[in-house]
Amino acid sequence: MRRLRNVKIVATLGPASSSYEVIRALFEAGADVFRLNMSHGTHDDIRARHEIIRRIETDTGRPIGILADLQGPKLRVGVFANGSEELAVGAPFRMDLSNAPGDAARVNLPHPEIFAALEPGTSLLVNDGKIRLRVNECGPDFANCVVEVGGTISNRKGVNVPDVVLPVAALSEKDRRDLEFVCELGCDWLALSFVQRPEDVIEARELAKGRAAILSKIEKPAAVNAYDAILEVSDGIMVARGDLGVELPVHAVPPIQKRLVRGARAAAKPVIVATQMLESMIDSPVPTRAEVSDVSGAIYEGADAVMLSAESAAGSYPIEAVTTMNNVAISVESDRTYREVIEASRRAKRSTVADAIVAASREIAESTPIKAICCFSQTGTTVSLVARERPRVPIMALTPLMATARRMTLTWGTHSAITDVQHRFKGAVLAAAKAAREAGFATIDESIVVMAGVPFNRAGTTNILRVAPCDERLIVSAESE
């Protein structure tokens, strides 16, 4: 099941992709990681999909990553006496804590924490930004607004507050229950919604207790402003462009996406570009040219992964969507310009022995006929450092730990494989040569780069590199000389 591309594909599962047959077909079409959306489906639904993924993993003999995406707090208006109302531009409109049904002049907003953060001039966006209100006057239990962009407002539509940092925890009570459930279930990554500050990530990490890696979704202006601090305490990043496009001017999102991707790559942490990538394929077997260009742009930027949401979860053509994304990735990465862009955006960082070792591995692989860089890793840190270099040859993540192998499925250019525990470097080199041949990365007449840390099986000790043949007889004879 060797992939012919470096960027990874994340496919969301849902009603259209809940059977063994469809999920297996998605994996074979190119999905590397499966996303379980905790906003939809019961715990029984999530457990069933998790079990199917692990069956496919066993049947195919290849580690598969599972990303559980927490819902986050949902800020919504209350209900209207007539179900909906039309708001005209320039009309006054009030939001308050009263439970009385709404009308054309007011509605309940059952979130006192929003009122606590408001000030005159603040914007309130309703229904994914289709309606925009400007606060003229506010207090602890009300906000008198003027309608700047009108339209239909109806029951329980979502509310966004882009101009302020809300005193709202990123984890609701539902999220806490879901987090414990998916950690016990054995998911590899947790996607954290509604992140505004690094403390939100730290809280989730404390609850996860090392059972899953934490991926922060950047979907609010406050998260963009605090990005460096959030990135530092996160294991990975998701650029959630849908929500960013609601709370920020749409023209501001592309440069922000580029900055977020480059920042995550410089930190050697995986970054996913997500939402509306092949949106038309929910109902159509082929995407638009604009969507293909959008996916291509994320790949040219050096994203570790691109993600399908409703396209694979609820669309009519989930397998075609994954196939399309796979084909686009192969096409882009075959373009000479792709390598030029990727290498031009490489940031040199040489502050540790590990940094120097991985940089040397890339230089050797690109100047000699090396077929793969094989990294022995307990935590995946060395593999992430190699991936940051974006080498021209595949990266093999060799580990005795299934949890590490699964998490590495999200990392650019990485093929995860389970190996026996190694105690000596010679044994590691022999194991790497065998794994490279079995995975189809090299033949017995070709060579690989092998990296490891001595002493073995201790995190953070990468300190040795060897160019090795894939013929075990040559390895053994070289050791005996």
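Rules behind the numbers
Residues numbered from 1 in each chain as written. Predicted model: local features only at pLDDT ≥ 70, side-chain atom pairs only at ≥ 80, totals over all residues. Heavy atoms only, no water. Phe/Tyr/Trp six-rings, centres within 6.5 Å; stacked < 30°, edge-to-face > 60°. Lys NZ or Arg CZ within 6 Å of the ring centre and 35° of its normal. Salt bridge = Lys/Arg side-chain N within 4 Å of Asp/Glu carboxyl O. Helix = DSSP H or I, 4+ residues; strand = E, 2+ residues; numbered from the N terminus. Buried < 20%, exposed > 50% of the residue type's maximum accessible area, 1.4 Å probe, protein only.

Asker: Could you give an account of the packing of aromatic side chains, naming the residues involved and the relevant values?
Answerer: Applying the stated criterion across every chain, the model contains one aromatic pair. Here the basic side chain of Arg-3 rests over the ring of Phe-27, its NZ or CZ set 4.9 Å away from the ring centre. We note Lys-220 situated over the ring of Phe-194; from NZ or CZ to the ring centre the distance is 4.6 Å.

Asker: Tell me about the pattern of salt bridges, residues and numbers included.
Answerer: Evaluation of the coordinates by the stated rule reveals 35 salt bridges. For Arg-211, the salt bridge goes to Glu-184, with nearest N and O atoms at 2.7 Å. With Arg-211 in the loop between helix H5 (198-208) and strand S13 (213-218) and Glu-184 in helix H4 (residues 173-185), this residue pair connects regions lying 27 residues apart in the sequence. Judged by relative accessible area, which is 57%, Glu-184 ranks as exposed. For Arg-388, the salt bridge goes to Asp-355, with nearest N and O atoms at 3.0 Å. Here Arg-388, found in helix H15 (residues 381-388), pairs with Asp-355, found in helix H14 (residues 353-367); they are 33 residues apart in sequence, far enough to count as distant. By relative accessible area, which is 4% here, Asp-355 ends up buried. Because the salt bridges share partners, they merge into one network encompassing Arg-346, Arg-362, Glu-363, Glu-366 and Glu-389.

Asker: Can you tell me about unusual backbone geometry, naming the residues and giving the values?
Answerer: Excluding glycine, residues mostly have negative phi values, and the peptide bonds linking residues are mostly trans. Although it is not a glycine, Lys-209 adopts a positive phi angle of roughly 55°. Looking at the secondary structure, you find Lys-209 in the loop between H5 and S13. In the Ramachandran plot, Thr-275 falls in the positive-phi region, its phi being about 80° despite a non-glycine side chain. Here Thr-275 shows up in the loop between strand S15 (271-274) and helix H10 (289-301).

Geometric values such as these leave the question of function open.
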